[in-house]
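Below, each chain spelled out in residue letters.
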Amino acid sequence: MYKIIIEGNNKLSGKIRISGSKNSAVALVPAAVLCDEEVTIANVPSISDIDALDEILRFLGAKVKRKDDVMKIDSSKIKNKLIPEKISKKLRASYYFMGALLSKFKKVEMHFPGGCSIGARPINLHLKGFEALGAKVEEKDNLFIITADKLIGTKINLDFASVGATINLMLAAVKAEGTTIISNAAKEPHIVNVATFLNNMGAKISGAGTSEIKIVGVSKLHSCFHEVVPDYIETGTYMILASALGDAITIENIIPDHVESLISKLEDVGVPMEIGVDYINIKAPEKLKATNVKTQVYPGFPTDLQQPFAALLTQATGKSVINETIYENRFQNLYELNKMGATTELLTNQKAVIVGPTKLTGKTVRATDLRAGASLVIAGLIANGTTTILDADYVLRGYEGLVEKLTNVGAKIKLEKED
Ligand code: EPZ
């Protein structure tokens, strides 16, 4: 495992360039399996989750070529094999191979996926959707066997606007016979990015980005070129960091619309921002005001940004309340922040209070999940003294070139192997 070591309390200035979206790229790579010709995906972030998906593709017999941020995937000769649990457990997004392999082979065997320990994270909505399309789902000791004579388009209403279920069911429906309607669909930017990729291959998907997605089944998908959308969670993480420490930070290669809910929250907190077409300039204000945050599905405040935002709220004057409505265990970072001098308290497993401003002091802390780790990086950069973040591999999963990007704006940060 790696650890991140930070000498905190330095003003940061300069440019941070945003990479391709992790949560889009980890769906696009399995989606490539649907095509019987080579597809090219550009702006793929180089993060360990992509390495794990690359490993799965090669295990299945796909031809994969990676150069810089470009991935060429030829799945014409892949075999339908049980993906070893030790690989599929590495990440939550391995479950996209369920929808892709079910569509391609009408049969898939897969273990329950991995992913950050921020809640139970069942996949019942995915499985219910596969059954609605005509598949049979069996489960034995967390191994799922999903089979279908054929997949037939139908209307699927999601009890919850699940990102994963929306994407997985799009993948399963692309080549089904007839038309599928997914209602109460998730609207995150990566849903649109995946639908665009599939349409570039010849799929017939409309309504992505709204709560009703229509998929007219097609029989063949052809090769195409596609680009991963900029990562709005990486964007938001650096916007939050700049709001705490930025002397003058420009975050570039972004889509400002995708972080609208964060922009409005940062305005509440008193952060002046200059918003351009594909960049945002932020300078940390002298004083930050406390505010309340309630996480919601897109376009509401993203659950993936509430942990980084908590680090900022430790510096805001007054009492802030965070209401985490999506996951039941996404406040583990608060214990670590308290070790550094923050004043936070859990009211319930989905509601927390943060009172600020508090002086943060560098300590040895532990990343319990990806965005908790991001929260600790921000706190370490704010704190006086040295902060060591153990289990930093979590952070490296979702932030391409984190150490380089922060070093370039003046942070004293390094990565070391844990002894
Ligand atoms: C995706 O997870 C992201 N991961 C998560 O980001 C993100 O937090 C989440 O979407 C919400 O935006 C990837 O894209 C790889 P969901 P996913 O299905 O698809 C419940 C990060 O930090 N649910 O929208 O798992 C579930 O338990 C990660 O980058 C069911 O109950 O999210 C959770 O409480 C963390 N049954 C809620 O819905 C289901 O069948 C949101 O899940 C599916 C989900």
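Each value, and the rule that gives it
- Residues numbered from 1 in each chain as written.
- Predicted model: local features only at pLDDT ≥ 70, side-chain atom pairs only at ≥ 80, totals over all residues.
- Heavy atoms only, no water.
- Axes fitted to C-alpha atoms, helices over the stretch in contact; angles between N-to-C directions.
- Helix = DSSP H or I, 4+ residues; strand = E, 2+ residues; numbered from the N terminus.
- Parallel < 35°, antiparallel > 145°, perpendicular 65-115°, else oblique.
- Left-handed = near helix turned anticlockwise from the far one by under 90°.
- Contact = heavy atoms within 4.5 Å.
- Nonpolar A, V, L, I, M, F, W, Y, C, P; charged D, E, K, R; others polar.
- Core = buried A, V, L, I, M, F, W, Y, C linked by side-chain atoms within 4.5 Å.
- Buried < 20%, exposed > 50% of the residue type's maximum accessible area, 1.4 Å probe, protein only.
- Near = heavy atom within 4 Å.
- Polar contact = N/O pair within 3.5 Å; in protein donor to acceptor, adjacent residues only side chain to side chain.
- Areas by Shrake-Rupley, 256 points an atom, 1.4 Å probe, with all protein chains shown as cover.
- 1 Å grid on protein atoms, 1.4 Å probe; cavity = no way out; pocket = protein on both sides within 12 Å on 5 of 7 lines; lining within 4 Å.
- Sits in = over half its atoms within 2 Å of the grid points.
- Salt bridge = Lys/Arg side-chain N within 4 Å of Asp/Glu carboxyl O.
- Pairing = 2+ DSSP bridges.
- Points joined across faces, edges and corners; volume = space filled by probe spheres on them.
- Phe/Tyr/Trp six-rings, centres within 6.5 Å; stacked < 30°, edge-to-face > 60°.
- Lys NZ or Arg CZ within 6 Å of the ring centre and 35° of its normal.

Where helix 1 (residues 22-31) contacts helix 7 (residues 189-200), the axes come no closer than 9 Å and their chain directions differ by 25 degrees. Between helix 1 and helix 7, the crossing angle belongs to the class labelled roughly parallel. For the element pair helix 1 and helix 7, the recorded crossing hand is right-handed. Mapping the contact onto sequence places Asn23, Ser24, Ala27, Leu28 and Ala31 in helix 1 and His190, Asn193, Val194, Phe197 and Leu198 in helix 7. Class assignment for the residues of the contact of helix 1 with helix 7 results in six nonpolar, four polar and no charged.

This part covers the nonpolar core. Residues Phe97, Ile146, Met170 and Leu198 are the most contacted members of the largest nonpolar core, which totals 78 residues. At seven residues, helix 6 (residues 163-173) tops the list of elements feeding residues into this core. The residues touching Ile146, leaving out its near neighbours within four places in the chain, are Met98, Leu102, Lys106, Lys107, Val108, Leu127, Phe130, Ala135, Lys136 and Val137. Counting residues in each nonpolar core, the second largest holds 70 residues, with Ile249, Tyr298, Phe301 and Ala316 among its members.

With that out of the way, let us pick up the site of the ligand. Residues in close proximity to the ligand total 23 residues, the closest being Tyr95, Asn124, Ser162, Asp304 and Ile326. Separating an oxygen atom of the ligand from a side-chain N or O atom of Arg330 is a distance of 3.3 Å. If the ligand stood free it would expose 820 Å²; the protein chains cover 91% of that surface. When atom positions are compared with the pocket grids, the ligand is found to occupy the largest pocket. Elements represented by at least two residues in the shell around the ligand include exactly helix 1, helix 5 (124-132), helix 6 and helix 12 (370-382). Looking at side-chain class alone, the shell around the ligand contains eleven nonpolar, six polar and six charged residues.

This paragraph deals with the pattern of salt bridges. Tallied over the entire structure, the rule returns 24 salt bridges. Arg66 serves as the salt-bridge partner of Asp51, at 3.0 Å between the closest nitrogen and oxygen. One end of the pair, Asp51, is in helix 2 (residues 48-60); the other, Arg66, is in strand 4 (residues 63-67), with 15 residues separating them in the sequence. The exposure class assigned to Asp51 is partly exposed, which follows from its relative accessible area of 40%. Where salt bridges share partners, they join Asp51, Asp54, Arg58 and Arg66 into one cluster.

This brings us to the environment of Ala186. Of note, Ala186 is situated in the loop between strand 10 (179-183) and helix 7. Residue classification places Ala186 among the buried positions, given a relative accessible area of 1%. In this structure the C-alpha to C-alpha distance between Ala186 and Gly401, which are 215 residues apart in sequence, comes to 29 Å. Here Ala186 is in contact with Ala161, Ser162, Val163, Thr166, Ile191 and Thr210, once residues within four sequence places are set aside.

The four strands are arranged 22-23-1-24 in an open sheet whose pairing can be described as mixed. Each edge of the open sheet carries a strand with a single partner, namely strand 22 (364-366) and strand 24 (412-417). Neighbour-to-neighbour, the strand axes of this sheet turn through a mean angle of 20 degrees, independent of strand direction. Pairing between strand 22 and strand 23 (residues 386-390): three bridges, direction parallel.

What follows covers the layout of surface pockets. The volume enclosed by the largest pocket comes to roughly 890 Å³. What lines the largest pocket is a set of 43 residues, among which Arg92, Tyr95, Arg121, Val163 and Tyr327 lie closest to the centre. Broken down by secondary-structure element, the contributors of at least two residues to the lining of the largest pocket are helix 1, helix 5, helix 6, helix 8 (232-245) and helix 12. Taken together, the residues that form the lining of the largest pocket break down as 22 nonpolar, eleven polar and ten charged. Volume-wise, the second largest pocket comes out at about 380 Å³. Taken together, 20 residues form the lining of the second largest pocket, with Asn9, Ala244, Leu245, Gln315 and Ile382 sitting closest to its centre. In terms of residues, the lining of the second largest pocket owes the most to one element, helix 8, which gives three residues. Across the lining of the second largest pocket, the residue classes break down as nine nonpolar, seven polar and four charged.

Tallying each qualifying case throughout the model produces five aromatic pairs. Look at Tyr238 and Tyr399: their rings are 6.5 Å apart centre to centre, the planes differ by 80 degrees, and that puts the pair in the edge-to-face class. Taken together, the positions of Tyr238 in helix 8 and Tyr399 in the loop between helix 13 (393-396) and helix 14 (402-407) put the pair 161 residues apart, joining distant regions of the chain. Comparing Tyr238 with Tyr399, the two get one shared label, buried. Between the NZ or CZ atom of Lys81 and the centre of the ring of Phe59, over which it lies, the distance is 4.3 Å. In this arrangement the basic side chain of Lys417 is found over the ring face of Tyr2, its NZ or CZ atom lying 4.6 Å from the centre.

With their axes 7 Å apart at the nearest point, helix 10 (residues 306-313) and helix 12 run at an angle of 20 degrees to one another. If you check the angle between helix 10 and helix 12, you find them roughly parallel. Our pair here, helix 10 against helix 12, has a crossing hand that is right-handed. The residues of helix 12 that touch helix 10, namely those facing Gln307, Pro308 and Ala311, are Arg371, Ala372, Ala374, Ser375, Ile378, Ala379 and Ile382. In terms of residue class, the contact of helix 10 with helix 12 is built from seven nonpolar, two polar and one charged.

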